[in-house]
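# A closer look at the structure
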Amino acid sequence: MIYYSLNNNAPKVNFKDAVIKGLAPDRGLYFPENVTPLSEVFIQNIENYSNEEIAFEAIKQFVGDTIPSEKLKEIIRETLCFDFPLVKVEEHVHSLELFHGPTMAFKDVGARFMARCLGYFNQEKKNEHVTVLVATSGDTGGAVASGFLGVTGVDVVILYPSGKVSDIQEKQLTTLGQNITALEVDGVFDDCQDMVKTAFLDDELKKVKNLTSANSINVARWLPQMFYFFIAYKQLKLQGKAKDVVFSVPSGNFGNICAGMMAHKLGLPIKHFIAATNVNDTVPQYMESGLYEPKPSKATISNAMDVGDPSNFVRIQRLVNNDQTKLKTIFSSWSFNDKETKKTLKNIYKNSHYIADPHGAVGYLGLKEYAKDHPEVMGVFLETAHPVKFLEVVENTLKMTVDIPRQIQEIMHKEKVSISINNYNELKSYLMS
């Protein structure tokens, strides 16, 4: 598989180089040059395969010959070592729970897959360190920290916006130590992301540091998120419910929904995708006006989606050859505010005794919006994080106490360790030192 930059001004690379570089030299995101659909026979019989077998078929062409098949299968086994249950919430509405991994967020899949790929590539580089630089609006940091913890030859530096992640999210990225460092940024997520992108283009910095990104801009973080769309479809097929399937994805940087749309390009028969956002509505506004106008992000109770300029939307546009009319046939997007989100948390619990997190509630709202004109669809909203990660919001909204899982209990009383920075020069100074 060959990857090219979406800015079209950088050399083409293979999977290994795309993973190690993270971002192309022209600041563009890497994108596969050709995508071959999976066989119809495989899709028609998907319920007869294990999750690991499905994932291998989905990802192998993107990895190419950079990782041997048996090693790739081992990486997949270690990535998919937890469940992805599809839970019926109401008639024609299911929650796909993606929070049963070590940090209780959907990003565990991409982080674990990337960490193992990079660990394999680093075996060839004796005594050479790679620095993984990542910006987080919440869950990415914890998932990357957990996925890369203790990986030989890899240092991880996480930038997060001060005061704009939940207490538990902050604990997950500031308490591990070892090869993990947390930088607390005076700003918003977009500031963190801009610093990361700037670092990749800093020639002086690159002379002393081998940098790569673990955000969803990295193909090894982005592409494995296809796995759970296939796994969800398999579960629906086993239940005889795999007709007119619609996925509603809580969307911030748009890597998750973009991976789902890549799964569709591979042949997974998904009827429609819904990008459900909070008040950071750059994409919903684009779908209405045709004008893409990024704006500063706003803080919300669904903080992992507080992104004003979603990086991966350019990949979504490329999947449809930048044809907005074609995009609208398979993709819709709506935004919802905190008041609507809290009301939905209450309604879901009242009607179904199901506890959603704020992001899942936004996904549910998007599904309901689409179903107004398409009542026949089988809807799946992604529950991207365990409700406990947004403990204060969920408990105050539902007037109840949420049980704290073992994974979270283990970090609750650990001491936060972070370094405060205010701008790119301070980031560069830290990295250079």
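The rules behind the values
- Sequence order as written defines residue numbering, which begins from 1 separately in each chain.
- Reporting of local features is limited, given that this is a predicted model, to residues whose pLDDT is at least 70; pairs of side-chain atoms are given and counted only at 80 or more, and all residues count toward the totals for whole chains, interfaces and linings.
- Think of the side-chain values as coming from all heavy atoms in the structure, minus any hydrogens and water.
- UniProt positions are given in the numbering used here, feature names are shortened, and annotations may be inferred rather than shown by experiment.
- Strands pair, by our definition, only if DSSP identifies at least two bridges between them.
- Every helix listed is a DSSP run of H or I at least four residues long, and every strand listed is a run of E at least two residues long, numbered separately from the N terminus.
- Helix axes are fitted to C-alpha atoms over the stretch in contact, other axes to C-alpha atoms as well, and angles between N-to-C directions run from 0 to 180 degrees.
- The contact criterion used throughout is that any non-hydrogen atoms of two residues lie within 4.5 Å.
- Three exposure classes are used, based on accessible area relative to the maximum for each residue type with a 1.4 Å probe and protein chains only: buried under 20%, partly exposed in between, and exposed over 50%.
- Think of it like this: strands point away, you trace from the first strand over the helix to the second, and a clockwise trace means the crossover is right-handed.
- Basic side-chain nitrogens of Lys or Arg form a salt bridge, by our definition, when they fall within 4 Å of a carboxyl oxygen of Asp or Glu.

An unreviewed UniProt entry annotates the chain as Threonine synthase originating from Sungkyunkwania multivorans. Per UniProt, the chain has the following entry under Catalytic activity (unreviewed entry): "O-phospho-L-homoserine + H2O = L-threonine + phosphate". If you open the UniProt record of the chain and go to Pathway (unreviewed entry), you find "Amino-acid biosynthesis; L-threonine biosynthesis; L-threonine from L-aspartate: step 5/5."

What the six strands build is an open sheet, ordered 3-4-12-9-10-11; its pairing is mixed. Every other strand in the sheet has two partners, leaving strand 3 (86–90) and strand 11 (331–335) as the edge strands with one partner each. Sheet twist, expressed as the mean angle between neighbouring strand axes with direction ignored, is 25°. Here strand 10 (residues 272–277) pairs with strand 11 via five bridges, running parallel. From the neighbouring strand, Ala-276 faces strand 11, where its bridge partner is Trp-334. This element, helix 12 (residues 255–265), spans strand 9 (245–250), strand 10, strand 11 and strand 12 (378–383) of the sheet and lies at about 175° to strand 10.

Let us look at the pairing of strand 4 (residues 93–97). Among the five residues in strand 4, five count as buried, and that is most of the element. The alternating pattern of strand 4 places Val-93, Ser-95 and Glu-97 and His-94 and Leu-96 on opposite faces, both of which are buried. When strand 3 meets strand 4, the two strands line up antiparallel, connected through four bridges. Its bridge partner being in strand 4, Glu-90 is matched across the sheet by Val-93. Linkage of strand 3 to strand 4, two consecutive antiparallel strands, is achieved through a turn of two residues, within which His-92 is found at a positive phi near 70°.

This part is about the pairing of strand 5 (residues 130–135). Where burial is concerned, most of strand 5 is hidden: six out of the six residues are buried. On strand 5, burial covers both faces: Val-130, Val-132 and Val-134 on one face and Thr-131, Leu-133 and Ala-135 on the other are all buried. Two elements, strand 5 and strand 6 (residues 154–161), share six bridges in a ladder whose sense is parallel. Paired with Val-130 across the strands is Val-154, a residue of strand 6. This β-α-β element, strand 5 to helix 6 (residues 139–148) to strand 6, shows right-handed connectivity.

Quick look at the pattern of salt bridges now. For the structure shown, the criterion picks out 16 salt bridges. Between Lys-206 and Asp-203 there is a salt bridge; the shortest N-O distance is 3.7 Å. Separated by three residues within a single helix, Lys-206 and Asp-203 lie in helix 9 (residues 203–206), roughly one turn from each other. The exposure class assigned to Lys-206 is partly exposed, which follows from its relative accessible area of 35%. By relative accessible area, which is 52% here, Asp-203 ends up exposed. One salt-bridge network, in which partners are shared between bridges, spans Glu-170, Glu-184 and Lys-416.

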